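Here are the chains, one letter per residue:
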Amino acid sequence: MVVTRFAPSPTGYLHIGGARTALFCLLMARHNGGKFLLRIEDTDQKRNTPTATQQVMDDLRWLGIIWDEGPDCGGPNGPYKQSERLEIYNRYIQQLIDTGKAYYCFDTTEELQEMREEAQAQKRQFLYRRPETLPTAQEAAQARAEGRDVVVRMIMPDSDIVVNDLVRGEVVFPAGTFSDFVIQKSDGFPTYHLACVVDDELMQVTHIVRGQEHLMNTPSHQVLQDALGFRRPTYAHMSVTVSEGGGKLSKRERSKTLAKAIIDNPALDKASLAAAGELTLEQLEDYLSGNSTPDSPQITAMAEHIGLHLPEINVVDFKAAGYLPEALVNFIALLGWSSPTGQEIMTFDELIKNFDSSRFNKTNSLFDRKKLASFNTEHMKMVSKDKLLGYFKEFLALRDSAMAKFDDNMLAEILRVSEGARTLEDVENKCAFLLISADNMAFDPKAVQKVLLKDSADVILEEVKARFIALADWNKTDLHKVIEDMCTERQLGMGKVAQPIRVAITGTTVSPAIDESLVLLGRAESIKRIAKTIEYVRSVR
RNA sequence: GCCCCCUUCGUCUAGCCAGGUCUAGGACACAGGCUUUUCAUGCCUGCGACACGGGUUCGAAUCCCGUAGGGGGUACCA
């Protein structure tokens, strides 16, 4: 049976790179009728954030990435949170010490730093040199009693290590390049390497799909597996997704973009900016000088404050930008992988069916938001009406949109008349005219120039108004007929009549089809806006 | 610095392992056109790539070597 796992460390929101890794792990499992696990790697007490696990799980679920075993639902090989498995790790660490495969050491940070600098100065790779005679347990206890930091290191062999990788084939790491690495930190927690290897064995993981950044760790993991008599899972090290600016698409991207924008614009009022981000002025300066990084929501708030669009990095960013999970999943599946059929637009089920682990490619890929938008357009058309409505409501709630006040029927109508939109945000924008009132209509200056001041827009609107008032019923067909009749009678193109109406009721040149827009707005408000517009045109002319 | 990985249109990629069928295919973007009451959507056309240099071979995008460029790692992070 194929068993895969996604093992995030709970340091914040799920970012798009993590989502991609999780997706491939899931596809690998589902395609083969296997199991997919979620394991939380919280062995770094300093970096964990308390809400991160919940956030990550929410984001995964939203994407449709559902696990069979995990911290919330349990499973036969739990717990699935590493901080709750300390005794297990301690047993294996002790076993490694007892069999002479690992040893204590108590170098200070300063000593290690010195060794590294020395290696650097000699232009050679830093390798930790273990002492001729290894410290005993008594000596370690003694050192600890004296207040020194004690860690445990794994003895690395002096021979070549070959990693057999599904993506890269055989990768040979030459002898003499391995440093004894730490498996237990001075706070008693295992390092990632130890915990990960032990858990993968105990949880019976068969396939490890992860980013290329872990390729260099694999020799260490294999040494650990051999020393402990564990099976060796199959490895697949995927290419990474890079951002337009170059470099790994990382969580730091947003904070970097914002900091740059603030620094590049010295005219900014920093006091109000800091207030928007709920920071003190000192904290803001600290951030700008690169000494600290505010939390994700604070960064978002500050960017909004100065009207800056940050690149979407976290899954929630894409959600808030109006993308569908289906589109996101489909798109990231095609970053570093291709379907054997050549098909690009795929549902989740099709992705599972078409998944083939031999079709990973080795090259890093750039995240192209334009193509994502195109995929989103496709998926907006593909998902069921009910599903789309659900996503739309979720989107409006997340954004605190005034549009959330509409009932399901109205929202479904808004979605229907916006067919062909690229994102849910586009839908919201296109129908934003429904949320303002006739009294505080603002006209787009370009629309005024192009439409209202040209020809005899006021005369046309005057007639439109009269005919609309005379209408027995306010429906799409009748409204359409009024406009059409006027076009024939006056020998005008549709645009000559429809555009002035559009600007009159929306203030802009962009909205859903004019008859649909009128129906959505309602009779009273439509006529009121047309009347106001006539007044306005005559006042400025 | 050292170690590892990678290099096909602007971008994501197919082809490469098993060399000829590749005047290199698709998708997104871009440009132009058609449809159209605006914006989108839809349809059509166009533009556009084997990083470079050597080798092997009758023949190389495909195999080998080198150069350049990009990425990753180099932690008591994961």
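The structure under discussion appears in the preceding block.
Below, the structure is looked at part by part. Note on numbering: residues in each chain are counted from 1, in written sequence order. All chains are assigned letters beginning at A, and all ligands numbers beginning at 1, according to the order in which they are written. A pLDDT threshold of at least 70 governs which residues receive local features in this predicted model, and a stricter bar of 80 or more applies before side-chain atom pairs are shown or counted, although totals over entire chains, interfaces and linings include all residues. As a rule here, side-chain values come from all non-hydrogen atoms in the structure, and water together with hydrogens is ignored.

**Structural notes on the side chain of aspartate 458**
Where we set the bar: Elements are defined by DSSP. Helices are runs of H or I of four residues or more, strands are runs of E of two residues or more, and each kind is numbered from the N terminus. Contacts are residue-level and defined by heavy atoms, with any inter-residue pair within 4.5 Å sufficient.
Secondary-structure assignment places aspartate 458 in helix H20 (residues 457–470). In this structure aspartate 458 touches Ile534, Val537, Arg538 and Arg541, once residues within four positions along its chain are discounted.

**Description of the packing of aromatic side chains**
Cut-off, in case you're wondering: Two rings belonging to Phe, Tyr or Trp (six-membered ring only in the last case) form a pair when the distance between their centres is within 6.5 Å. Interplanar angles under 30 degrees mark stacking, angles over 60 mark edge-to-face geometry, and anything in between is tilted. Buried means the residue's accessible area, taken with a 1.4 Å probe over protein chains only, is under 20% of the maximum for its type, while exposed means over 50%, and partly exposed covers the values in between.
Under the defined criterion, the tally for this structure stands at 13 aromatic pairs. With a centroid separation of 5.7 Å and 15° between ring planes, the pair formed by tryptophan 337 and phenylalanine 355 is classed as stacked. With a gap of 18 residues between them, tryptophan 337 in the loop between helix H13 (325–333) and helix H14 (348–354) and phenylalanine 355 in the loop between H14 and strand S11 (365–366) connect regions that are remote in the sequence. For the residue pair tryptophan 337 and phenylalanine 355, the accessibility class agrees, reading buried in each case.

**Details of the layout of surface pockets**
In plain terms, the rule: In this analysis the probe radius is 1.4 Å and the grid spacing 1 Å, with only protein atoms considered; a cavity is a set of points the probe fits into but cannot get out of, a pocket is an open set with protein on both sides within 12 Å along at least five of seven lines, and lining residues have an atom within 4 Å of a point. Grid points are joined across faces, edges and corners, and a volume is the space filled by probe spheres set on the points.
Here the second largest pocket defines a volume of roughly 630 Å³. Looking at the second largest pocket, it is lined by 19 residues, and the ones nearest its centre are Arg254, Thr300, Glu304, Asp317 and Ala320. For the lining of the second largest pocket, the elements supplying multiple residues, two or more each, are helix H11 (296–305), helix H12 (315–320) and helix H16 (385–399). Ranked by residues supplied to the lining of the second largest pocket, first place goes to H11 with five residues.

**Considering the environment of alanine 327**
Assignment of secondary structure puts alanine 327 in helix H13. For the pair formed by alanine 327 and leucine 63, sequence separation is 264 residues and the distance between their alpha carbons is 9.5 Å. Those residues in contact with alanine 327, other than ones at most four positions away along the chain, are Leu372, Phe375, Asn376 and His379.

**What to know about helix H15 (residues 369–382)**
What counts here: Expected span, for any helix, means 1.5 Å times one less than how many residues it has. Two N or O atoms form a polar contact when they lie within 3.5 Å of each other; inside protein one atom must be a possible hydrogen donor and the other a possible acceptor, and for residues adjacent in sequence the pair counts only when both atoms belong to side chains.
Its 14 residues place the ends of H15 20 Å apart at the C-alpha level, agreeing with the 20 Å of an ideal helix rising 1.5 Å per residue. Regarding H15, the residues found buried are Arg369, Leu372, Ala373, Phe375, Asn376, Thr377, His379 and Met380. Those residues of H15 that are buried lie in contact with H12, H13, H16 and helix H18 (424–430). One side-chain oxygen at the N-terminal end of H15 lies 3.1 Å from the backbone nitrogen of lysine 370; it belongs to aspartate 368.

**Some remarks on the packing of H13 against H15**
For clarity, the threshold we go by: Here, axes are lines fitted to C-alpha atoms. For helices the fit covers the stretch in contact, and angles between N-to-C directions go from 0 to 180 degrees. Note on angle classes: values under 35 degrees are labelled roughly parallel, values over 145 roughly antiparallel, values of 65 to 115 roughly perpendicular, and the remainder oblique. Note: crossing handedness is left-handed where the near helix turns anticlockwise from the far helix by less than a right angle, and right-handed where it turns clockwise. Amino acid classes used here: Ala, Val, Leu, Ile, Met, Phe, Trp, Tyr, Cys and Pro are nonpolar; Asp, Glu, Lys and Arg are charged; the rest, including Gly, are polar.
Running from N to C, H13 and H15 cross one another at 130°; their axes reach a closest spacing of 8 Å. Judged on the interaxial angle alone, H15 and H13 are oblique. Note that H13 runs across H15; the crossing there is right-handed. Two secondary-structure elements touch here, H13 through Glu326, Ala327, Leu328, Asn330 and Phe331 and H15 through Lys371, Leu372, Phe375, Asn376 and His379. Per-class residue counts for the contact of H13 with H15 are five nonpolar, three polar and two charged.

**Here we look at the protein's contact with RNA strand B**
Threshold: One heavy atom suffices: a residue is near a molecule or strand as soon as one of its heavy atoms comes within 4 Å of it.
Surveying the vicinity of RNA strand B reveals 66 residues, the closest of which are Arg168, Gly336, Glu344, Lys430 and Ser511. For RNA strand B, the fraction of protein-proximal atoms (within 4 Å) that sit in sugar or phosphate groups is 74%. Within the backbone of tyrosine 192, an N or O atom sits 3.0 Å from a phosphate oxygen of RNA strand B. Note that a base nitrogen of RNA strand B is positioned 3.0 Å from one of the side-chain N or O atoms of lysine 371. Sorting the residues of the surface near RNA strand B by element identifies helix H4 (109–121), strand S4 (151–154), S11, H15, helix H22 (494–506) and helix H23 (514–521) as the ones contributing at least two each. For the surface near RNA strand B, a count of residues per class yields 18 nonpolar, 22 polar and 26 charged.

**Section: empty space enclosed by the protein**
Summed over all chains, the structure comprises one cavity of 30 Å³ or more. The space that makes up the largest cavity amounts to roughly 40 Å³. The dominant element in the lining of the largest cavity, judged by the number of residues it contributes, is H16, at three residues. When the residues that make up the lining of the largest cavity are grouped by side-chain class, the tally is five nonpolar, no polar and two charged.

**Considering unusual backbone geometry**
In this structure, the amide linkage connecting glycine 78 to the following residue, proline 79, adopts the cis form with an omega of -5°. With respect to the secondary-structure elements, proline 79 resides in the loop between helix H2 (52–63) and helix H3 (86–98). Residues other than glycine seldom take positive phi values, yet glutamine 204 does so here, at roughly 60°. Along the chain, the position of glutamine 204 falls in the loop between helix H6 (192–202) and strand S8 (207–211). A relative accessible area of 48% places glutamine 204 in the partly exposed class. For aspartate 400, which is not glycine, the phi dihedral falls at a positive 60°. Residue position: aspartate 400 is located in the loop between H16 and helix H17 (408–417).

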